[in-house]
Amino acid sequence: MLRSLLDTLKCSALAALLAGASAQVHADTFAIENVTVLPMTAAASPLKQTTVVVRDGRIAAIGPAKSVTVPAQARRIDGTGKWLMPSLSDMHVHFPNERMLDLVARAMGGNGMPGVTLDTADLSAPYVAMGVLQIVNASAMSEDVGRRREIESGRVLGPHMALAAMVDGAKPIWPPGMTRVAANAADGRQVVRDIKAEGYDLVKVYSKLDFDTFSAIVAEARQQGLKVMGHLPARGEGLTEKLFQPGFDLVAHAEEFGWQSKDMSDADIQRYVTAVKRNGTSLVSTLTTNEIIARQARDPSVLQGRPEYKYVHPALYMFWTHNNRYVTSATPERIARLEAVVDFNRRLIRAFVQAGITVLPGTDTIIPGQVAGVALHEELKALVDAGMSKEQVLVAATRQSAEFLGVLADRGTLEQGKRADLLLLDADPLADIVNTRKIAAVIANGRYLPASELKTMLDQLVQRYSTALPAAKSE
Ligand SMILES: [Zn+2]
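Residues numbered from 1 in each chain as written. Predicted model: local features only at pLDDT ≥ 70, side-chain atom pairs only at ≥ 80, totals over all residues. Heavy atoms only, no water.

**Quick look at the overall build of the chain**
Stage number 1. The secondary structure content of the chain amounts to 17 helices and 17 strands.
Stage number 2. A globule of 475 residues ought to have a C-alpha radius of gyration of about 23 Å, and the chain, at 23 Å, matches this closely.
Stage number 3. Viewed in the frame of its principal axes, the chain has a C-alpha envelope of about 65 × 60 × 55 Å.
Stage number 4. Burial status across the chain gives 55% buried among its 475 residues.
Stage number 5. Contacts spanning at least 24 positions in sequence make up 73% of the contacts within the chain whose residues lie at least 6 apart.
Stage number 6. Here the chain has roughly 20200 Å² of accessible surface; of this, 53% comes from carbon and sulfur atoms. (Helix = DSSP H or I, 4+ residues; strand = E, 2+ residues; numbered from the N terminus. Rg over C-alpha atoms; globule rule 2.2 N^0.38 Å. Buried < 20%, exposed > 50% of the residue type's maximum accessible area, 1.4 Å probe, protein only. Contact = heavy atoms within 4.5 Å. Areas by Shrake-Rupley, 256 points an atom, 1.4 Å probe, with all protein chains shown as cover.)

This is the structure we're talking about:
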């Protein structure tokens, strides 16, 4: 039976049909005229009074008005006084699913959350509305392999999702099913081959791996052509420099280095700079992650009242307010350490950037206080406050993130032929980084979504979420 199915799949007519199945869904043709373009290419500076034509999801033409032919059927959008740039990337998020909620709820001693459903379009809406059209899902599960295709095919409006499957040591921090477990080098190599075969993009290494297993995973991933991102295991074992082996591509948090250091000193930071730079490893910042963790440990009321919190599914929000270990475990000593980490992270990022190490923005969204899409804009501001230039931050959130993920040929800069994943802004983000939030329109895979439409999308989301969890109303 299986044999004959495989034979059928080899039939050339079917193969042709399958190849053509990814037809374009958005036939929108439009031109944005007289706009200032921030191409985010290595060489190009801002292009003033430019016309950009979008057709079939791609940038069909870009140039001065007199040199660009706008197709007759194209909608014309006045870009006067506006800025057009590539959409943004969040290089570290967690995109939840029902099974993940059940696993985590049971690990906390509950009975799972059988009544809760999570909708991919709903979870995606805040990312889209904030112009964050590329994310790295740092605890991807098999559900996400299907979701990624729903989004890529255009059936669901959402961000491009790079999938990182998690692997931890024999006593994993997160429940098996959400993470994979590898107790030794042989396990580790097999886990990597499974991750590859099941269709993930990256391997996410986690805190409890022992050094030999970590090393085997990194070596196997390199052989399999999978990138490795993650935590720094073997805390307190004095092995930090040895973790930076060929194939270890991306550290998931600045904070990871803080856990490797006894005193979070500048001297240690210089050692880390040397090891990371030599290995060509990059870093995901997650500055705001530690900032919001420290703030909620000191004062849990920061998790109440912000209008953006309504974009969080009520079942997830309950984890913020009812099962929040940052709050329940807060002691004066812990709060002091959390605040020291915030300071350490800023020093580390400054040193990394000065040394020419690539720092990419990420938020660890799902962490209490981090709202999808919204948190990325806050992270960009935090990076500028930590000492990166506005241009460095914008390049990191666009071109460099796409380059890291191997998708730069498709997106990440604003150039002819690239996918039209764009952000139209009412103010110049190079003048003030908070202007990334002044969104006039998001262009997602060539689909033009003006601010009014994005607002309606979020209003409807808030409405749905307000009735998504009836049992929680008594709260
Ligand atoms: Zn994370």
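**Focus: the nonpolar core**
Stage number 1. Residues Val203, Phe257 and Phe352 are the most contacted members of the largest nonpolar core, which totals 127 residues.
Stage number 2. Of the residues forming this core, the biggest block, eight residues, is contributed by helix α16 (residues 390–405).
Stage number 3. Apart from the residues lying within four places of it in its own chain, the contact partners of Phe352 are Phe257, Tyr272, Val273, Val276, Leu283, Ile357 and Val359.
Stage number 4. Counting residues in each nonpolar core, the second largest holds 17 residues, with Phe30, Val37, Val54 and Ile59 among its members. (Core = buried A, V, L, I, M, F, W, Y, C linked by side-chain atoms within 4.5 Å.)

**What about the coordination of the zinc ion?**
Stage number 1. The coordination sphere of the zinc ion contains the protein donors His92 (NE2), His94 (NE2) and Asp364 (OD), at a distance range of 2.0 to 2.1 Å.
Stage number 2. All donors to the zinc ion come from one chain, and their sequence spacing reads H-x1-H-x269-D. A residue pair is termed long-range when its members are at least 10 positions apart, and His94 in the loop between β6 (88–93) and α3 (98–107) and Asp364 in the loop between β14 (359–360) and α15 (374–385) qualify at 270 residues. Side by side, His94 and Asp364 carry an identical accessibility label, which is buried. (Donors = N, O, S within 2.8 Å, 3.2 Å for Na, K, Ca; no water.)

**Description of unusual backbone geometry**
Stage number 1. Positive phi values are uncommon outside glycine, yet Asn34 reaches one of about 60°.
Stage number 2. If you trace the backbone, Asn34 turns up in strand β1 (residues 29–37).
Stage number 3. One non-glycine residue, Asp56, lies in the positive phi region at around 50°.
Stage number 4. Here Asp56 shows up in the loop between β2 (47–55) and β3 (58–64).

**Topic: α16**
Stage number 1. Between the first and last C-alpha of α16 there are 22 Å, a value that for 16 residues agrees with the 22 Å anticipated at 1.5 Å per step.
Stage number 2. Of all the bends in α16, the greatest, near 45°, is centred on Ala396.
Stage number 3. Turning to α16, its buried residues are Val393, Leu394, Val395, Ala396, Ala397, Thr398, Arg399, Ser401, Ala402, Phe404 and Leu405.
Stage number 4. Just beyond α16, the residue with positive phi is Gly406, at close to 75°. (Expected span 1.5 Å × (residues − 1). Bend = angle between axes of the 7 residues up to and from the residue.)

**What to know about the packing of α15 against α16**
Stage number 1. Axis separation between α15 and α16 bottoms out at 9 Å; the angle between their running directions is 140°. Of the possible angle classes, the one that applies to α15 and α16 is oblique. When you trace α15 past α16, the crossing you get is right-handed. Contacts between α15 and α16 pair Leu380, Leu383 and Val384 from the former with Lys390, Val393 and Ala397 from the latter. (Axes fitted to C-alpha atoms, helices over the stretch in contact; angles between N-to-C directions. Parallel < 35°, antiparallel > 145°, perpendicular 65-115°, else oblique. Left-handed = near helix turned anticlockwise from the far one by under 90°.)

**Some remarks on the side chain of Arg419**
Stage number 1. Mapped onto the fold, Arg419 is located in the loop between α16 and β15 (422–425).
Stage number 2. Side chain to side chain, Arg419 and Asp410 meet in a polar contact 2.7 Å long. (Polar contact = N/O pair within 3.5 Å; in protein donor to acceptor, adjacent residues only side chain to side chain.)

**Some points on the side chain of Ser265**
Stage number 1. The topology assignment puts Ser265 in the loop between α9 (255–260) and α10 (266–279).
Stage number 2. On the basis of relative accessible area, Ser265 is assigned to the buried category, the value being 17%.
Stage number 3. Polar side-chain contacts of Ser265 include one of 3.1 Å to the side chain of Asp263.
Stage number 4. Engagement of the side chain of Ser265 in a polar contact is seen with the backbone nitrogen of Asp268, the distance being 3.1 Å.

**Comments concerning the packing of α10 against helix α14 (residues 332–354)**
Stage number 1. Contact pair α10 / α14: the axes reach a minimum separation of 10 Å and the direction vectors enclose 40°. In terms of orientation, α10 lies oblique with respect to α14. Taken as a pair, α10 and α14 cross one another with a handedness that is right-handed. Facing α10, whose interface residues are Asp266, Ile269, Gln270, Tyr272, Val273 and Val276, α14 presents Phe344, Arg347, Leu348, Ala351 and Phe352.

**Describing the pairing of β3**
Each regular strand shows side chains that alternate between the opposite faces of the sheet.
Stage number 1. Strand direction decides the pairing type here: β2 and β3, joined by six bridges, are antiparallel. Paired with Val54 across the two strands is Ile59, which belongs to β3.
Stage number 2. Linkage of β2 to β3, two consecutive antiparallel strands, is achieved through a turn of two residues, within which Asp56 is found at a positive phi near 50°. (Pairing = 2+ DSSP bridges.)

**As for the environment of Gly177**
Stage number 1. Within the element layout of this structure, Gly177 appears in the loop between β8 (160–168) and β9 (180–181).
Stage number 2. For the pair Gly177 and Met166, spaced 11 residues apart in the sequence, the C-alpha separation amounts to 9.7 Å.
Stage number 3. In this structure Gly177 touches Arg99, Leu103 and Met141, once residues within four positions along its chain are discounted.

**A short note on the pattern of salt bridges**
Pairing between side chains becomes possible if they bear opposite charge and their charged atoms approach one another.
Stage number 1. Scanning the model with the defined rule gives 25 salt bridges in all.
Stage number 2. A salt bridge links Asp144 to Arg147, with the nearest nitrogen and oxygen atoms 2.8 Å apart. You can see Asp144 and its partner Arg147 sitting in helix α5 (residues 142–152), three residues apart, about one turn around the helix. The burial state of Asp144 is the same as that of Arg147; both residues are buried.
Stage number 3. A salt bridge links Asp410 to Arg419; the nearest nitrogen and oxygen atoms lie 2.7 Å apart.
Stage number 4. Looking at Asp410, the relative accessible area reads 15%, which means it is buried.
Stage number 5. Accessibility expressed as a relative area gives 12% for Arg419, which makes it buried. (Salt bridge = Lys/Arg side-chain N within 4 Å of Asp/Glu carboxyl O.)

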